[in-house]
Amino acid sequence: MLLSAPAFALALGFATLLRPMTDANRSSEPSTRAQILSDPLSGREVIFAPARTKRPGNHEALREPAAADEAENCPFCEGREQETPPELFALGTEKGRAPDTPGWKVRVVPNLYPAFERQQVVVHTPTHTRSLADLSDEQLVLIAASWAEAAERAWAQGFDHLLAVINEGVAAGASRPHSHSQLVWLDRLPPEVAAEAPRLRRDGCALCALLHDLDPALKLAERKLGDSTVSLAVAATGRAPYELLVAPDDHQPDAFGSGELLAAALALAAEGVRRLNAVEGASPFNLWLHNFQADGHWHLELVPRLNTYAAIELGGGVFINTLLPEEAAARLREASL
Ligand SMILES: [Zn+2]
Ligand SMILES: [Zn+2]
Ligand SMILES: [Zn+2]
């Protein structure tokens, strides 16, 4: 059901900010001024404008089906190690294995077409697997360990930040269908992380507050490890339908320093993708880690790419989300896995 703007604002739990229609010059314009929300982590502006259609995107946006010869020509599959640049390191290797030969579980190689001084590809699995959603927990532990290993090497060489990202699907910018992540070594904080940093310091951390006050309707799952809990939730002020947030509930700056928590977070993100795929079909997405070596609160953000960003988003910096977070969470929770 499409709520009227005032009912929508109240449904969101906000006082309506609709402008009273007292100005005669404006009376001919429809009074659908929606609430502009500010994302507490980034300050990004988001407007929820539920679409009339049930689907948030269109089916052209779904992931491309596998080509018949895809696995046969895949340079990331085990046995084709010679088709990538020489590996930097591998994890889960068989005893006595030589570099760039079979017998590995996760393999890290330089990016063939780097945009940055250092940019690496983490091949997530030796067998042809198209999604994070299809990886085992054991494999995700090794992937988290490979990110941590790369971070240690980056810090040792004087780099300040490691941007870890996963693109899945052509619509999300993935160049290869075999599940992989990319690690970008940076000598500064990238702008999105720098924008969040002052909001996520221990004193007055916006993410601690968000998780403490999280609407239970938005939470999808959690994993406990010792005294820590990692949560998967629909982002209350997401820029895209079904945008997800994964984070430890307690204040933790550095994900690479707590590999078990990072592995748990990746497992929760994988669950989020399985739920998303069950509701919408195989969906392209971007996922990234926002990490803070000193003070800050690390988290994963997962943005499904079922919609297209247009001029209001790119030119105005205001994101229009056509699916209410409560509705997204209800659909994802009810998905049968
Ligand atoms: Zn492959
Ligand atoms: Zn915090
Ligand atoms: Zn973030």
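Read on for an overview of the structure. (Residues numbered from 1 in each chain as written. Chains lettered and ligands numbered in written order. Predicted model: local features only at pLDDT ≥ 70, side-chain atom pairs only at ≥ 80, totals over all residues. Heavy atoms only, no water.)

Considerations on the overall build of the protein
For step 1, the next point in the chain: Helices and strands together make up the secondary structure of the protein, namely seven helices and 13 strands.
For step 2, the next point in the chain: Looking at the protein residue by residue over its 337 residues, the buried ones come to 51%.
For step 3, the next point in the chain: Taking the intrachain contacts of the protein between residues at least 6 apart in sequence as the baseline, contacts between residues at least 24 apart amount to 66%.
For step 4, the next point in the chain: Just so you have it, the protein exposes about 15900 Å², and 53% of that area is on carbon and sulfur atoms. (Helix = DSSP H or I, 4+ residues; strand = E, 2+ residues; numbered from the N terminus. Buried < 20%, exposed > 50% of the residue type's maximum accessible area, 1.4 Å probe, protein only. Contact = heavy atoms within 4.5 Å. Areas by Shrake-Rupley, 256 points an atom, 1.4 Å probe, with all protein chains shown as cover.)

A few points about the sheet that holds strand 3 (residues 89–91)
For step 1, the next point in the chain: The strand order 3-4-5-7-6-11-12-10-9-8 describes an open sheet built from 10 strands, whose pairing is antiparallel. In this open sheet, the two edge strands, each paired with only one partner strand, are strand 3 and strand 8 (219–225). In this sheet, adjacent strand axes meet at a mean angle of 15° when their direction is disregarded. (Pairing = 2+ DSSP bridges. Axes fitted to C-alpha atoms, helices over the stretch in contact; angles between N-to-C directions.)

As for the side chain of S179
For step 1, the next point in the chain: Position of S179 relative to the elements: it lies in the loop between strand 6 (161–168) and strand 7 (180–186).
For step 2, the next point in the chain: For S179, the side chain forms a polar contact with the side chain of H124, separated by 2.8 Å.
For step 3, the next point in the chain: Setting aside its immediate chain neighbours within four residues, S179 contacts V122, V123, H124, T129, R130, S131, L132, L135 and E168. (Polar contact = N/O pair within 3.5 Å; in protein donor to acceptor, adjacent residues only side chain to side chain.)

Some remarks on the packing of helix 5 (residues 259–280) against helix 7 (residues 325–334)
For step 1, the next point in the chain: Following both chains from N to C, one finds helix 5 and helix 7 inclined at 95°, their axes separated by 8 Å at the closest point. By the angle between their axes, helix 5 is roughly perpendicular relative to helix 7. In this structure, helix 5 contributes R275, L276, V279 and E280 to the contact, and helix 7 contributes R331, L332 and R333.
For step 2, the next point in the chain: Of the residues assigned to the contact of helix 5 with helix 7, the class counts are three nonpolar, no polar and four charged. (Parallel < 35°, antiparallel > 145°, perpendicular 65-115°, else oblique. Nonpolar A, V, L, I, M, F, W, Y, C, P; charged D, E, K, R; others polar.)

Quick look at the pairing of strand 4 (residues 106–110)
For step 1, the next point in the chain: Within strand 4, four of the five residues are buried, leaving the element largely enclosed by the surrounding structure.
For step 2, the next point in the chain: As paired elements, strand 3 and strand 4 share three bridges and run antiparallel to each other. The residue bridging L91 from the neighbouring strand is V106, located in strand 4.
For step 3, the next point in the chain: Pairing geometry for strand 4 and strand 5 (residues 118–123), over four bridges, is antiparallel. Bridge pairing in strand 5 links P110 to Q120.

Observations concerning unusual backbone geometry
For step 1, the next point in the chain: The phi dihedral of D100 is positive, around 60°, even though this residue is not glycine.
For step 2, the next point in the chain: By the secondary structure assignment, D100 is in the loop between strand 3 and strand 4.
For step 3, the next point in the chain: Judged by relative accessible area, D100 falls into the buried class, the value being 14%.
For step 4, the next point in the chain: One non-glycine residue, Y242, lies in the positive phi region at around 65°.
For step 5, the next point in the chain: Position of Y242 among the secondary structure elements: in the loop between strand 9 (228–234) and strand 10 (244–248).

Quick look at the packing of aromatic side chains
For step 1, the next point in the chain: The full count for this structure, using the stated rule, is three aromatic pairs.
For step 2, the next point in the chain: Measuring from ring centre to ring centre gives 5.5 Å for Y309 and F319, while their planes differ by 80°; the resulting arrangement is edge-to-face. Here Y309 is found in the loop between strand 12 (299–304) and helix 6 (311–316), whereas its partner F319 is found in strand 13 (residues 318–321), with 10 residues between them in sequence.
For step 3, the next point in the chain: The exposure class assigned to F319 is buried, which follows from its relative accessible area of 14%. (Phe/Tyr/Trp six-rings, centres within 6.5 Å; stacked < 30°, edge-to-face > 60°.)

Digging into the nonpolar core
For step 1, the next point in the chain: By size, the foremost hydrophobic cluster in this structure holds 72 residues, and its most contacted members are L132, W147, L207 and L289.
For step 2, the next point in the chain: When residues of this core are assigned to their parent elements, the largest contribution, 13 residues, is made by helix 5.
For step 3, the next point in the chain: Ranked by size, the runner-up nonpolar core spans 13 residues in total, among them L37, L163, V165 and A240. (Core = buried A, V, L, I, M, F, W, Y, C linked by side-chain atoms within 4.5 Å.)

Describing empty space enclosed by the protein
For step 1, the next point in the chain: For the structure shown, the criterion picks out four cavities of 30 Å³ or more.
For step 2, the next point in the chain: Counted as a void, the largest cavity has a volume near 180 Å³.
For step 3, the next point in the chain: In this structure, the largest cavity is lined by 22 residues; those nearest its centre are D39, L41, L210, A235 and L245.
For step 4, the next point in the chain: Breaking the lining of the largest cavity down by element, the ones donating at least two residues are helix 4 (206–212), strand 9 and strand 10. (1 Å grid on protein atoms, 1.4 Å probe; cavity = no way out; pocket = protein on both sides within 12 Å on 5 of 7 lines; lining within 4 Å. Points joined across faces, edges and corners; volume = space filled by probe spheres on them.)

Remarks on the coordination of the zinc ion (ligand 1)
For step 1, the next point in the chain: Distances from the zinc ion (ligand 1) to its protein donors, namely C74 (SG), C77 (SG), H128 (ND1) and H178 (ND1), fall within the range 2.0 to 2.3 Å.
For step 2, the next point in the chain: Coordination at the zinc ion (ligand 1) is tetrahedral: its four donor atoms span angles of 103 to 115° at the metal.
For step 3, the next point in the chain: Coordination of the zinc ion (ligand 1) draws on donor residues from a single chain, spaced C-x2-C-x50-H-x49-H in sequence. Here C74, found in the loop between strand 2 (45–48) and strand 3, pairs with H128, found in the loop between strand 5 and helix 2 (137–156); they are 54 residues apart in sequence, far enough to count as distant. (Donors = N, O, S within 2.8 Å, 3.2 Å for Na, K, Ca; no water. Tetrahedral: all angles 85-135°; square planar, octahedral: opposite > 155°, others 65-115°.)

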